[in-house]
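These are the residues of each chain, in order.
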Amino acid sequence: MIKMIALDLDETLLNTDKTISEENATALRQLHEAGIKIVLCTGRPINAIWHYLEQLGLTTDDDYTITFNGALVIQNSTKEALAQSGLSRNDFEPLHAFAAANHYPMDVLDFDQVYPIADLTPSVYEQMLKAPMKFIPTAFADLPDQLFSKAVMATDAAILDQVVAKLTPELTKLYHVVRSQPKILEFLAADMDKAVGLGQLLTHFGWDFSDLMAFGDAENDLGMIRAAGDGVAMQNGQPAVKAAANHQTPVDNNHAGVAAYLQHVFPELLG
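We now turn to the structure provided with this report.

The rules we used
Residues numbered from 1 in each chain as written. Predicted model: local features only at pLDDT ≥ 70, side-chain atom pairs only at ≥ 80, totals over all residues. Heavy atoms only, no water. Helix = DSSP H or I, 4+ residues; strand = E, 2+ residues; numbered from the N terminus. Contact = heavy atoms within 4.5 Å. Areas by Shrake-Rupley, 256 points an atom, 1.4 Å probe, with all protein chains shown as cover. Lys, Arg positive; Asp, Glu negative; His and termini not counted. Charge placed at Lys NZ, Arg CZ, Asp CG, Glu CD. Core = buried A, V, L, I, M, F, W, Y, C linked by side-chain atoms within 4.5 Å. Buried < 20%, exposed > 50% of the residue type's maximum accessible area, 1.4 Å probe, protein only. Pairing = 2+ DSSP bridges. Phe/Tyr/Trp six-rings, centres within 6.5 Å; stacked < 30°, edge-to-face > 60°. Lys NZ or Arg CZ within 6 Å of the ring centre and 35° of its normal.

Topic: the overall build of the protein
Consideration 1: On a plain count of helices and strands, the protein comes out with 11 helices and 14 strands.
Consideration 2: Seen along its three principal axes, the alpha-carbon backbone of the protein occupies a region of about 55 × 35 × 30 Å.
Consideration 3: Contacts spanning at least 24 positions in sequence make up 58% of the contacts within the protein whose residues lie at least 6 apart.
Consideration 4: Of the roughly 11,300 Å² that the protein leaves accessible, carbon and sulfur atoms contribute 51%.
Consideration 5: Here the protein carries 17 positive and 35 negative side-chain charges, and the mean point of each set is 3 Å from the other.

Side note on the nonpolar core
Consideration 1: I5, L40, F92, F215 and L262 are the most contacted members of the largest nonpolar core, which totals 75 residues.
Consideration 2: In terms of residues, this core owes the most to one element, strand 11 (residues 184-189), which gives five residues.
Consideration 3: Setting aside residues up to four positions removed in sequence, F92 forms contacts with L87, M106, V108, F140, F148, K150, A151, Y175 and F187.
Consideration 4: Ranked by size, the runner-up nonpolar core spans 16 residues in total, among them M4, C41, Y64 and M224.

A short note on the sheet that holds strand 2 (residues 37-40)
Consideration 1: The strand order 2-1-12-13-14 describes an open sheet built from five strands, whose pairing is parallel. If you trace the sheet from one side to the other, it starts and ends with strand 2 and strand 14 (247-248), each paired once.
Consideration 2: Across four bridges, the pairing between strand 1 (residues 4-7) and strand 12 (residues 212-216) is parallel. Across the sheet, the residue bridging to M4 is L212, located in strand 12.

Side note on the packing of aromatic side chains
Working definition: an aromatic ring pair is given by the centre-to-centre distance plus the angle between the planes.
Consideration 1: A complete count under the given rule lists 10 aromatic pairs for this structure.
Consideration 2: Ring centres of F92 and F148 lie 6.4 Å apart, and the angle between their planes is 70°; this geometry places the pair in the edge-to-face category. Here F92 is found in the loop between strand 5 (81-84) and helix 4 (93-102), whereas its partner F148 is found in the loop between strand 8 (134-135) and strand 9 (150-154), with 56 residues between them in sequence. The two residues F92 and F148 agree in class, both being buried.
Consideration 3: Here a set of aromatic residues connected by ring pairs shows up, and it is made of F92, Y115, F148, Y175 and F187.
Consideration 4: Geometry around W50 places K79 over its ring, the cationic atom sitting 3.9 Å from the centre.

A few points about the pairing of strand 2
Consideration 1: Here strand 2 shows a buried face lined by K37 and V39 and a second buried face lined by I38 and L40.
Consideration 2: As defined by bridge partners, strand 1 adjoins strand 2 across four bridges and the pair is classed as parallel. Bridge pairing links L7 to L40 in strand 2.

Below is the structure:
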């Protein structure tokens, strides 16, 4: 029995213009009111998606969000962490050396702010993120001694294609590398993805992955799609995601694909 629905944002729940259609919002609000947990799963911090949480009514004491691609499970109304994990500055040293040698940009994120690495090629991450987070340009050697959620490389898609082609076996062993958007490549802890955060949240409620339905379109959604009792790929999803999924939405993200699938699965709640 599905008790929790996890949703990626970009090109899944969101239209290409970064809005939630009224069809998707209405379906999710009705299921939330019926007692099903609705959990947004994103690489962004919660402050950057707060308007989506408000639109969906996910602001009660029992609502949670998976942020930083699984590294932080946060209670929505209090902003308190249920679970948190990440990497140290030393963990990013091999990635910094790789970026420096190849003239690539790099930003390192903790759970509150972003550190564009000042001794590397300038990044476009701040312009792309457009989120209420503080950006503090910092030389790599001067990064604070604390826990970080991830690093990102944000640049032209063609340059990121080169980055992916040049990644060494050492780097792919050290980090879970995911292309969350054509112009953003993310470097997480080796065992980190959205399924990790969802597993912690399911355990919190006394449930397991058989109780989960998950929607996604891109490679950073693969973990939760594979783990979920019902993994659902968007019609516009990448081939690898469709291959891993149990089902596929009948229409794409710009035609309320999430709502269309939910109408099929929960007709008694969404009639």
